[in-house]
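Notes for the structure review
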Amino acid sequence: MSNTESSLSEQQEIRLEKLQKLRELGVNPYPFEYDVTHHSADILENEDKFISEDDTEDNSHSVSVAGRVMTQRIMGKASFFTIQDSQGTIQIYIRRDDVGVEEYNKVFKKLVDIGDFVGIKGFVFKTRTGETTIHAEEFHFLGKTVRPLPTPKEVENEEGETVTYDAFSDKELRYRQRYVDLVVNTDVKKVFKQRTQMVQAMRNFMNDRGYMEVETPILQPIYGGAAARPFKTHHNALDMDLYLRIANELYLKRLIVGGFDGVYEFSKDFRNEGLSRFHNPEFTQVELYVAYKDYNWMMDFMEEMIEKVALELHGTTKVTVGENEIDFKRPWPRIPMYEAIEKETGFDLAGKSEDEIREIARELSIHVEDEMGKGKLIDEIFGETVEPKLIQPTFITDYPIEMSPLAKKHRSKGGVVERFEAICNGKEIANAFTELNDPVDQRERFEEQARLRTEGDEEAMTVDEDFLKAIEYGMPPTAGIGIGIDRLAMIMTNSDSIRDVLFFPLMRPEKD
RNA sequence: GAAUCGGUAGCUCAGCUGGUAGAGCAACGGCCUUUUAAGCCGUGGGUCGAGGGUUCGAGCCCCUCCCGAUUCACCA
């Protein structure tokens with residue numbers, strides 16, 4: 001998008017003029033590198049090591065920092081300003097007589113704006129008001145910004161609370177211009193650091209147990225592994241339609257067939273659905289498959305892993321989410337689905353026919369449609385009556401077979417499979433089963449899905465012949481799980497929208 | 001997809017029953033060598049989301065559309 005002059009704001013035009021003036025003064029507005037020796041937090045957290053006792057120049061305590069100018073307080077021949085680097089902000093004290101008249105009067109006072117990158121070399125001291133500050137001996141221009149940043153101000157009031165003035169708070173702008181959001185709203189960085197920390201903790205946990213991180217195709221000729229509508233694309237050279245994966249389950253299981261004991265993948269999955277506080281069309285799951293294990297083992301595994309994540313992020317198993325305090329301490333309750341429904345509604349669905357269940361749904365005044373099969377009806381009843389009430393982490397086990405075409409039939413109970421979902425804060429955060437490894441049963445389940453599909457269920461799975469072939473070659477007993485990374489991140493960072501844990505959530509394009 | 005609320009200066013917002021678009025911060029010019037939302041004096045800055053309509057006159061009223069937030073519906 002080319003900016004014609006008339007489309008520039010006054011402030012942008014002024015900054016472009018300053019850019020030109022810098023060049024005229026022989027200052028490169030965009031130099032190539034700068035030698036940074038310290039970051040703001042290094043200095044502030046260990047200030048005693050840096051502060052010169054007699055408040056004079058002492059080269060042994062020299063520091064060199066770089067960052068964006070965020071505030072300026074110019075007072076004639078001396079000034080204070082703060083710079084923000086990757087770790088936080090630190091105050092700089094600069095005097096005309098230290099850095100030179102030309103540098104101070106012409107460059108610093110006239111041509112530096114909020115947002116510009118500068119490098120400072122100097123020594124650390126404490127001002128009369130007690131703020132640890134770098135006394136600049138050298139001032140280097142490191143990068144001109146030609147668009148003004150929002151300028152929020154944070155200040156502590158008398159009660160010691162931090163008050164923010166003029167916060168950059170327009171959610172639309174924050175999501176569209178996340179780079180600005182990150183610069184200006186310091187808490188945002190914290191959320192994303194925690195998200196990464198969470199993923200690292202999970203990765204380490206799985207690596208420590210010897211499971212292998214793998215990559216499987218995103219472009220798939222047949223999509224499967226979940227109930228969802230896909231994105232479709234096309235490969236030109238092969239003239240072939242492809243789908244963006246909705247899950248990677250079927251590929252990871254092929255790898256178990258191939259002989260790995262445990263494989264996992266943090267995978268971006270894509271589902272062609274609406275957007276909401278809990279849904280983004282691309283989202284992240286980690287899926288893990290472990291040979292010779294079942295879903296009971298997987299529950300132990302999950303609660304241990306998530307408890308550890310909470311401990312690593314918060315130092316405690318208790319996490320505050322909105323008005324709730326969620327405790328991830330093991331063990332989590334394990335409740336069979338029908339029991340959970342009966343406890344909440346008084347209706348026992350076990351052994352009931354589709355029509356009977358439809359009637360119960362109506363009695364509970366739950367919205368049902370004619371094309372809903374038994375599985376969907378039960379899911380609907382559960383979702384309406386039980387799920388929202390499960391705030392503390394809970395395993396709901398033993399799902400109806402109709403809604404679980406990839407899970408193994410329960411070893412002792414009829415009509416259900418060995419499947420669990422982990423529910424937390426009223427939402428599903430994980431889905432797991434003892435994997436179906438009987439190829440004959442699997443083919444029948446696929447065929448049932450195909451039948452639902454012809455009846456109009458757009459989310460029913462298609463038959464994946466190659467996957468069937470794979471398990472016909474033999475798959476060991478296997479436990480598998482998928483954990484929603486975005487939803488878990490929402491809980492772990494106390495965010496109430498999925499957009500707050502995605503750097504770049506999907507937005508409609510802006511129109512001029 | 002529906003309902004509600006919102007879109008005014010770089011940012012945050014005000015703008016009454018329709019009557020020449022405002023404030024704070026930011027910017028610009030000046031004063032100020034340990035300041036704390038620094039201060040003081042002065043100055044400039046707007047396609048009021050877009051288009052149409054009503055009116056002598058629209059930021060405000062009416063219609064259509066765009067974008068967002070929230071809730072619901074759909075959906076892992």
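Residues numbered from 1 in each chain as written. Chains lettered and ligands numbered in written order. Predicted model: local features only at pLDDT ≥ 70, side-chain atom pairs only at ≥ 80, totals over all residues. Heavy atoms only, no water.

Looking at an unreviewed UniProt entry, chain A carries the name Lysine--tRNA ligase, with the source organism given as Rhodohalobacter sulfatireducens. In its Sequence similarities (unreviewed entry) section, the UniProt entry covering chain A states "Belongs to the class-II aminoacyl-tRNA synthetase family." You can read under Catalytic activity (unreviewed entry) in the UniProt record for chain A the words "tRNA(Lys) + L-lysine + ATP = L-lysyl-tRNA(Lys) + AMP + diphosphate". (UniProt positions renumbered as here; feature names shortened; annotations may be inferred.)

**Quick word on the domain arrangement of chain A**
You can read the domains of chain A as domain 1 (3-143), domain 2 (153-184) and domain 3 (187-333 + 392-501). Between the C-alpha centres of domain 2 and domain 3 the distance comes to 36 Å. The partner domain 3 presents 6 residues to the 5 residues of domain 2 that form the contact. Buried area between domain 2 and domain 3, both sides added, is near 510 Å², and the carbon and sulfur share of it is 57%. Counting the surface domain 2 buries against domain 3, the share from its top three residues, Tyr175, Arg178 and Leu182, is 78%. Taken together, the connections running from domain 2 to domain 3 amount to 0 salt bridges. Sorting the residues of the side of domain 2 that touches domain 3 by element identifies α6 (171-176) and α7 (178-184) as the ones contributing at least two each. Broken down by element, the side of domain 2 that touches domain 3 gets its largest block of residues, 3 residues, from α7. (Domains from an automatic or database assignment. Contact = heavy atoms within 4.5 Å. Buried area = accessible area lost by both parts, 1.4 Å probe. Salt bridge = Lys/Arg side-chain N within 4 Å of Asp/Glu carboxyl O. Helix = DSSP H or I, 4+ residues; strand = E, 2+ residues; numbered from the N terminus.)

**Examining the side chain of Asn185**
Its place among the elements puts Asn185 in the loop between α7 and α8 (186-208). Among the residues examined, Asn185 registers a relative accessible area of 15% and is labelled buried. Discounting chain neighbours no more than four positions away, the residues touching Asn185 are Phe168 and Arg174. (Buried < 20%, exposed > 50% of the residue type's maximum accessible area, 1.4 Å probe, protein only.)

**Thoughts on the UniProt feature "domain: Aminoacyl-transfer RNA synthetases class-II family profile" (unreviewed entry) in chain A**
Here, the residues flagged by UniProt with the feature "domain: Aminoacyl-transfer RNA synthetases class-II family profile" (unreviewed entry) are residues 192-509. Here residues 192-509 runs as 34% helix and 23% strand, with 24 Å between its end C-alpha atoms.

**Some words on the protein's contact with RNA strand B**
Neighbouring RNA strand B are 59 residues; Lys18, Asp97, Ala227, Arg271 and Glu428 lie closest to it. Backbone atoms, meaning sugar and phosphate, form 58% of the atoms of RNA strand B found within 4 Å of the protein. In the environment of RNA strand B, a base oxygen lies 2.6 Å from a nitrogen or oxygen atom belonging to the side chain of Arg73. Contact distances for RNA strand B include 3.3 Å between a phosphate oxygen and a backbone N or O atom of Asp170. Elements with a minimum of two residues in the surface near RNA strand B: α1 (10-24), β1 (63-75), β2 (78-85), β3 (88-95), β6 (153-156) and α6. Taken together, the residues of the surface near RNA strand B sort by class into 20 nonpolar, 12 polar and 27 charged. (Near = heavy atom within 4 Å. Polar contact = N/O pair within 3.5 Å; in protein donor to acceptor, adjacent residues only side chain to side chain. Nonpolar A, V, L, I, M, F, W, Y, C, P; charged D, E, K, R; others polar.)

**Things to note about the UniProt feature "binding site: Mg(2+) 1" (unreviewed entry) in chain A**
Mapped onto this structure's residue numbering, the UniProt feature "binding site: Mg(2+) 1" (unreviewed entry) falls at Glu421 and Glu428. In this structure, Glu421 sits in strand β18 (residues 416-424). Given the relative accessible area of 8%, Glu421 is considered buried. Leave out the neighbours within four places in its chain, and Glu421 touches Glu387, Thr394, Phe395, Ile396, Tyr399, Glu428, Ala430 and Asn431. Relative to the assigned elements, Glu428 resides in strand β19 (residues 427-434). Judged by relative accessible area, Glu428 falls into the partly exposed class, the value being 27%. Those residues in contact with Glu428, other than ones at most four positions away along the chain, are Glu387, Glu421, Ala422, Ile423 and Arg487.

**What about the environment of Thr186?**
In this fold, Thr186 is placed in helix α8. Spatially, the C-alpha atom of Thr186 lies 26 Å from that of Arg508, the residues being 322 residues apart in sequence. Setting aside residues up to four positions removed in sequence, Thr186 forms contacts with Gln84 and Glu154.

**What to know about the pattern of salt bridges**
Overall, the coordinates contain 40 salt bridges when judged by the stated rule. Here Arg254 ties to Asp466 by a salt bridge, and the two come within 2.9 Å at their closest N and O atoms. Taken together, the residues span a long stretch of sequence, with Arg254 in helix α9 (residues 249-257) and Asp466 in helix α15 (residues 465-472) at a distance of 212 residues. Owing to a relative accessible area of 42%, Asp466 belongs among the partly exposed residues under this scheme. Notably, a salt bridge pairs Arg445 with Asp441, separated by 3.1 Å at the nearest N-O pair. With Arg445 and Asp441 both in helix α14 (residues 439-454), this residue pair falls 4 residues apart, about one helical turn. Overall, Arg445 belongs to the buried group, its relative accessible area being 8%. If you follow the salt bridges from partner to partner, you end up with Arg15, Lys18, Asp113, Asp116 and Lys144 in one network.

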